[in-house]
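Survey of secondary and tertiary structure
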Amino acid sequence: MDQLIAEESASAAEQAAAIAAGSLRSVDLVKRFLDRIAAGDEAVQAWAHLDPDYALRQAQQRDDQRGSGLPLGPLHGVPVGLKDIVDTADMPTENGTPLDAGRQPRQDATLVSRLRAAGAVILGKTVSTELAFYAPGKTRNPHDPERTPGGSSSGSAAAVAAGQVPLAVGTQTNGSVIRPASFCGVVGYKPSHGLVSRHGLLSQSPPLDTVGAFARTVEDAALIVDAMAGHDPADGATRPMARPCLLQTARAAPPVKPSFALVKGPTWDAADADTKDGLAELRDFLGEDCDEVTLPSAFERAHDLQRLLMVAGFAKNLAPYYEKGRDRLSDVMRAAIEEGRTVLAVDYALAEEWIDVLNAGLAEIFERYDAILTPAAVGEAPQGLSATGDPTFCTLWTLCGTPAITLPLLQGAAGLPIGVQIVGARGDDARLLRSARWLAEALAVEDG
């Protein structure tokens, strides 16, 4: 098992199992990842804060806990990276802006407390774009350092893709999990809105803000979100409910062969030829288990609605940054906040109401199909580091609050990854993950 864990392809679930069995120490596992960071992060630059000594002290505590015979959590001893908009009481959280340089929170975000309770080692903080919007940070794409890793969860996606950490946390208000996962060639999972608490995170737009995760397998994505999910009285978007048991369902065989709806969506023309051809090949592979479905015309409003909710949220929640240091904000950030200040309350309220209207339309699709197939991004990660790429294929699903996961199933002309986004019904995350795992395994058999 130790030889297996030494391989970059080993899953977080395998690592946790090896630690629980006593065939691997958390200290040794964490040191391996720290060594990878030391060897390769000069090119990738995925980390905003990293204290190797502190990470190893956490790992030693996990090993001591196992040696004492105390119960172990599902992530015991496994390192996790956190996007640098997630508060931690023992590490700075700087939100990707010099206006928060040296900011040290007094307590952990709810999701951090839950990850610690599950036994995770918080390896460090990964780079976020400025205030989790469009202005890029320092991170490069591990596949090509002259290309963007995407944003705003750029460091989390790049760190997992570079083999520097097995799991990482991100957030999405437009396309900030799905897009970077596609560009970096990893699994990116955006749960249903409200499944994971946002308490202790930078707030942008509460109707849209969603916590997500990066991993190398569907099962690993389910593993970490399982640990973070659940009701939190401090976040009104969460609801009292039984824990979702995502990993258990993701690993289960579907009761019947999943069926998929190929949805091109209102911005299909933005997709490049590689993406369009790849989706066509996937549809042909699935045959009678995949139908092309056209969304009603009402969905053409989705991008305008999401933009309105997002910038209005910026105007309210990011106002302190604008007031104390607008001259230190990027032009794109400053313009978005100023745009949000022009939004009328009645338009905001109507935009929120449209979320349920659109989900009612999607419900008809999910009555017949297990999941929707659609692009995760326009294509490969674009050249250049001055922008983070177009999130257009994520916008609709973020607005609707539906769960979405992207799998690195396609490849572009430059040999770089392109993700396929798989979308489920709002609140039906477990079914989505099971369908996604089935698809990944079916394609692996075909390729094998």
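Everything that follows concerns the structure shown earlier in this document.
First things first, this report covers the structure right here in the doc. (Residues numbered from 1 in each chain as written. Predicted model: local features only at pLDDT ≥ 70, side-chain atom pairs only at ≥ 80, totals over all residues. Heavy atoms only, no water.)

Overview of the overall build of the protein chain
Threshold: Strands are runs of DSSP state E lasting at least 2 residues, helices are runs of H or I lasting at least 4, and numbering of each runs from the N terminus. Here the globule rule reads 2.2 Å times residues to the power 0.38, and the radius of gyration is calculated from C-alpha atoms. Each residue gets one of three labels from its accessible area relative to the maximum for its type: buried under 20%, exposed over 50%, partly exposed in between, using a 1.4 Å probe on protein chains only. Any two residues having at least one pair of non-hydrogen atoms within 4.5 Å are treated as being in contact. Accessibility throughout is a Shrake-Rupley quantity obtained with a 1.4 Å probe, and a residue counts as covered only by protein chains that appear here. Counted as positive: Lys and Arg. Counted as negative: Asp and Glu, with His and the chain ends omitted from the count. All charge positions are set by atom: Lys at NZ, Arg at CZ, Asp at CG, Glu at CD.
Helix and strand content of the protein chain: 16 helices and 11 strands. Against the compact-globule benchmark of 22 Å for 448 residues, the protein chain has a radius of gyration of 20 Å, which places it among compact chains. Put simply, the protein chain has 448 residues, and 58% of those count as buried. Contacts spanning at least 24 positions in sequence make up 76% of the contacts within the protein chain whose residues lie at least 6 apart. Just so you have it, the protein chain exposes about 17000 Å², and 49% of that area is on carbon and sulfur atoms. Here the protein chain contributes 40 positive and 58 negative side-chain charges, whose respective centroids are spaced 5 Å apart.

Quick notes on unusual backbone geometry
In this structure, the amide linkage connecting glycine 151 to the following residue, serine 152, adopts the cis form with an omega of 5°. One non-glycine residue, glutamine 45, lies in positive phi territory at about 55°. On the secondary structure map, glutamine 45 appears in the loop between α3 (26-44) and β1 (47-50). Of note in the backbone geometry, asparagine 95 takes a positive phi value of approximately 55° without being a glycine. Mapped onto the elements of the fold, asparagine 95 is located in the loop between β2 (79-83) and α5 (110-117).

Comments concerning the nonpolar core
Put simply, the test is: Residues enter a nonpolar core if they are buried and are Ala, Val, Leu, Ile, Met, Phe, Trp, Tyr or Cys, with the set joined through side-chain atoms within 4.5 Å.
Leu111, Leu115, Ile224, Leu373, Ile405 and Ile422 are the most contacted members of the largest nonpolar core, which has 105 residues in total. For leucine 115, the residues in contact, after removing those within four places along its chain, are Leu75, Val80, Leu82, Ala120, Ile122, Val169, Ile224, Ala227 and Met228. One finds Val160, Val177, Val186 and Phe214 within the second-largest nonpolar core, a separate group that totals 23 residues.

Things to note about the sheet that holds strand β7 (residues 260-262)
Selection criterion: At least two bridges found by DSSP between two strands are what make those strands a pair. Axes here refer to lines fitted to C-alpha atoms; in helices the fit is confined to the stretch in contact. Angles between the N-to-C directions go from 0 to 180 degrees.
Spatial strand order, β1-β3-β2-β4-β6-β5-β10-β11-β9-β7-β8: 11 strands in an open sheet with mixed pairing. Only two strands of the sheet have a single neighbouring strand rather than two, namely β1 and β8 (290-292). For this sheet, the mean inter-axis angle between neighbouring strands, taken without regard to orientation, is 30°. When strand β4 (residues 167-172) meets strand β6 (residues 210-215), the two strands line up antiparallel, connected through 5 bridges. Paired with alanine 168 across the strands is phenylalanine 214, a residue of β6. Contacting β2, β3 (121-126), β4 and β6, α5 crosses the sheet at an angle of about 180° to β2.

Some details on the side chain of threonine 173
Rule in force here: Think of a polar contact as two N or O atoms within 3.5 Å of one another; within protein, one of them needs to be a possible hydrogen donor and the other a possible acceptor, and neighboring residues in sequence only count if both atoms come from side chains.
Here threonine 173 is to be found in the loop between β4 and α7 (178-184). Separated by 2.7 Å, the side chains of threonine 173 and aspartate 209 make a polar contact. Discounting residues that sit within four places of it in the chain, threonine 173 has contacts with Gln204, Ser205, Leu208, Asp209, Gln306, Met310 and Thr398.

Overview of the environment of aspartate 100
The residue aspartate 100 is located in the loop between β2 and α5 in this model. Spatially, the C-alpha atom of aspartate 100 lies 9.8 Å from that of leucine 131, the residues being 31 residues apart in sequence. If we skip the residues at most four places from it in the chain, aspartate 100 touches Thr93, Glu94, Asn95, Tyr321 and Lys324. In this structure the side chain of aspartate 100 is engaged in a polar contact, spanning 2.8 Å, whose partner is the side chain of asparagine 95.

What about the pattern of salt bridges?
In plain terms, the rule: Whenever a carboxyl oxygen of Asp or Glu lies within 4 Å of a side-chain nitrogen of Lys or Arg, that contact is scored as a salt bridge.
As enumerated under the stated definition, the model contains 21 salt bridges in all. The partner of arginine 368 in a salt bridge is aspartate 291, and the shortest N-O contact between them spans 3.6 Å. In this pair, arginine 368 is assigned in the loop between α14 (345-366) and β9 (371-375) and aspartate 291 in strand β8, connecting sequence segments 77 residues apart. In this structure aspartate 291 comes out as partly exposed when scored by relative accessible area, which is 27%. Overlapping salt bridges, with partners in common, bring together Lys264, Arg283, Asp284 and Glu292 in one network.

Some remarks on the environment of isoleucine 355
Tracing the backbone through its elements, the reader meets isoleucine 355 in helix α14. Considered as a pair, isoleucine 355 and cysteine 400 are 45 residues apart in the sequence and their alpha carbons are 5.3 Å apart. Setting aside residues up to four positions removed in sequence, isoleucine 355 forms contacts with Leu309, Leu399, Cys400 and Arg426.

Quick notes on a nonpolar patch on the surface
Here is the rule: The patches described consist of residues with a relative accessible area above 30% and no salt bridge, like charges being joined within 9 Å and nonpolar side chains (Val, Leu, Ile, Met, Phe, Trp, Tyr) within 5 Å.
On the surface, a nonpolar cluster with roughly 270 Å² of combined accessible area is contributed by Leu344, Val346 and Leu350. Inspection of the secondary structure assignment puts leucine 350 in helix α14.

Remarks on the packing of aromatic side chains
For clarity, the cut-off: Whether two aromatic rings pair depends on their centres lying within 6.5 Å, for rings of Phe, Tyr and Trp, where Trp uses its six-membered ring; planes under 30 degrees apart make the pair stacked, over 60 edge-to-face, and the rest tilted.
For the structure shown, the criterion picks out 3 aromatic pairs. Relative to phenylalanine 314, the ring of phenylalanine 133 lies with its centre 4.8 Å away and its plane at 80°, an arrangement referred to as edge-to-face. Placement of phenylalanine 133 in the loop between β3 and α6 (154-161) and of phenylalanine 314 in helix α11 (residues 302-317) is noted, with a sequence separation of 181 residues between them. With respect to class, phenylalanine 133 is no different from phenylalanine 314; both count as buried.

Structural notes on the packing of α11 against helix α13 (residues 331-340)
The packing of two helices is summarised by the inter-axis angle and the distance between the axes. To keep things clear, this is the line we draw: For this classification, under 35 degrees means roughly parallel, over 145 means roughly antiparallel, 65 to 115 means roughly perpendicular, and everything else is oblique.
In contact at an axis separation of 7 Å, α11 and α13 are set at 100° when each is read in the N-to-C sense. Considered as vectors, α11 and α13 are oriented roughly perpendicular to each other. On α13, the residues touching Arg307, Val311, Ala312, Phe314 and Ala315 of α11 are Met333, Ala336, Ile337, Glu339 and Gly340.

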